[in-house]
Each structure stands twice: as structure tokens, then as C-alpha cells.
Amino acid sequence: MKVEGRVFKYGDNVDTDVIIPARYLNTSDASELASHCMEDIDADFVKNVKKGDIIVALENFGCGSSREHAPLAIKSAGVSCVIAKSFARIFYRNSINIALPILECKDADKIEASDIISVDFDSGKIRNITKNEEYETKSFPPFMQDLIKAGGLINYMKENF
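Residues numbered from 1 in each chain as written. Predicted model: local features only at pLDDT ≥ 70, side-chain atom pairs only at ≥ 80, totals over all residues. Heavy atoms only, no water.

With an unreviewed UniProt entry as reference, the protein chain is termed 3-isopropylmalate dehydratase small subunit, source organism Candidatus Ornithospirochaeta avicola. Database annotation for the protein chain, UniProt heading Pathway (unreviewed entry): "Amino-acid biosynthesis; L-leucine biosynthesis; L-leucine from 3-methyl-2-oxobutanoate: step 2/4." (UniProt positions renumbered as here; feature names shortened; annotations may be inferred.)

Given below as C-alpha cells:
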């Protein structure tokens with residue numbers, strides 16, 4: 001499984017309240033959540049993001065509350081993958097549960113906004129096409145790849161049990 005897209009870059013401690021501000025949590029409609037994704041940290045994100053684009057951040061992405069709305073807003077906005085140096089554990093699990101691929105990469109600081117990168121989930125290779133560089137990450141174990149390919153945990157359970 002591979003994706004390629006343009007990078008939207010953020011720093012450390014991007015919390016769930018800036019991924020999807022709490023004032024919009026009165027809905028679970030994915031398209032409504034997507035229309036407000038990242039607006040408190042990047043007002044132009046929803047105007048500029050294209051299907052397949054990639055978010056790259058530094059440490060502790062997705063910290064804050066355990067709401068599932070945050071990864072859902074990102075995925076519904078068209079983001080194909082989130083890469084960060086580290087993730088809040090509950091955000092990591094919520095992302096996999098809804099089939100939003102996320103990868104930890106110690107070299108995330110080398111990737112810049114607007115770089116074009118490709119990600120190979122099978123090999124764990126991130127290729128920065130803009131800079132002609134390659135970075136290592138851990139590939140997803142087969143069971144997580146199966147969850148993502150199925151469209152998330154619920155779909156996986158329906159298909160397999």
C-alpha cells in the first residue's frame with residue numbers, strides 16, 4: 001500500500017482541540033467535521049488540502065482529549081496519512097480504528113511544508129520526492145494493514161467475524 005501527496009507541516013503538541021475545535025463537536029458528520037479541520041492552527045488548511053495530501057508534525061501529535069472526531073476530521077478532509085515523530089497513544093489507536101494511516105518517523109523534522117512525499121506502508125519507506133531523500137519508519141504489521149485496507153476496525157470485524 002502506497003500514498004503520495006503534498007505536505008502540510010505542523011510542530012510539537014498539536015492537540016485534538018486544534019485538529020477539530022470543541023465548538024464543532026455537536027456533530028459526528030464526517031464532512032462537517034472535515035470542513036473545520038485544523039482551522040484553529042491553520043485557517044487555510046481546508047481551502048488548500050487536496051485528496052491524498054499528508055500531514056507531517058513533530059512530537060506528541062494528537063495530544064489532548066480522546067475524542068475520535070480528530071482523526072475522523074483529518075481523514076474526511078482527504079488526508080491520506082499523518083507522519084510525526086510521536087503520537088498521543090489514544091490518537092494513534094483511534095486513527096487505526098478508523099483506517100487513517102499514521103507513522104512515527106524520527107526524521108519528520110527534515111520534511112518541510114509543500115514537499116511532495118510518497119509513503120510505502122509495506123516497506124516503511126518515506127521518500128521525499130522534492131528533496132530526493134529517504135527516511136525510515138516502521139512498516140505496519142500485517143494485522144494493522146488489514147484493518148486499514150478494510151476501512152477500519154468495525155468493517156474489519158464485519159468482514160472477518
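Peer 1: Where do I start with the pairing of strand 2 (residues 54-57) in this structure?
Peer 2: For a regular strand, side-chain orientation follows a simple rule: the groups alternate between the two sheet faces. Every second residue of strand 2 is oriented toward a common face, with Ile54 and Val56 on one face and Ile55 and Ala57 on the other, all of them buried. Strand direction decides the pairing type here: strand 1 (residues 2-9) and strand 2, joined by three bridges, are parallel. Following the sheet pairing, Phe8 is matched in strand 2 by Ile55. Direction of pairing for strand 2 relative to strand 3 (residues 81-84): parallel, over a ladder of four bridges. Across the sheet, the residue bridging to Val56 is Ile83, located in strand 3. (Buried < 20%, exposed > 50% of the residue type's maximum accessible area, 1.4 Å probe, protein only. Helix = DSSP H or I, 4+ residues; strand = E, 2+ residues; numbered from the N terminus. Pairing = 2+ DSSP bridges.)

Peer 1: In this structure, what is going on with helix 4 (residues 69-76)? I would like to understand it.
Peer 2: Turn by turn, an α-helix covers 3.6 residues, leaving residues three or four places apart pointing in a common direction. Every buried residue of helix 4 is listed here: Ala70, Pro71, Ala73 and Ile74. Down the axis of helix 4, the buried set is contained in an arc of 155°. They therefore lie on one face. Looking at the buried side of helix 4, the elements it contacts are helix 1 (16-19), helix 2 (30-34), strand 2, strand 3 and helix 5 (89-97). Positive backbone phi, approximately 105°, marks Gly78, located one or two places after helix 4. (Arc of directions from axis to C-beta. Contact = heavy atoms within 4.5 Å.)

Peer 1: I tried to follow unusual backbone geometry on my own but got confused; where do I start?
Peer 2: Trans peptide bonds make up the majority, and among non-glycine residues the majority have a negative phi. A positive phi angle, near 65°, is found at Met38, a position not held by glycine. Mapped onto the fold, Met38 is located in the loop between helix 2 and helix 3 (45-48). The class for Met38 is buried, based on a relative accessible area of 0%. Phi is positive for Ala99, close to 70°, though the residue is something other than glycine. Relative to the helices and strands, Ala99 resides in the loop between helix 5 and strand 4 (102-104).

Peer 1: Where do I start with the UniProt feature "domain: Aconitase A/isopropylmalate dehydratase small subunit swivel" (unreviewed entry) in the protein chain in this structure?
Peer 2: Here the UniProt-annotated "domain: Aconitase A/isopropylmalate dehydratase small subunit swivel" (unreviewed entry) positions come out as residues 39-102. For residues 39-102, the end-to-end C-alpha separation is 20 Å, with 33% helix and 14% strand making up the annotated structure.

Peer 1: Before we go on, may I ask you to explain the environment of Glu4 in this structure?
Peer 2: One can find Glu4 in strand 1. Residue Glu4 is classed as exposed on the basis of its relative accessible area, which comes to 51%. A C-alpha to C-alpha distance of 9.1 Å links Glu4 and Arg127, two positions 123 residues apart in sequence. With residues near it in sequence (within four places) discarded, Glu4 still touches Gly52, Ile54, Ile116, Ile117, Ser118 and Ile129.

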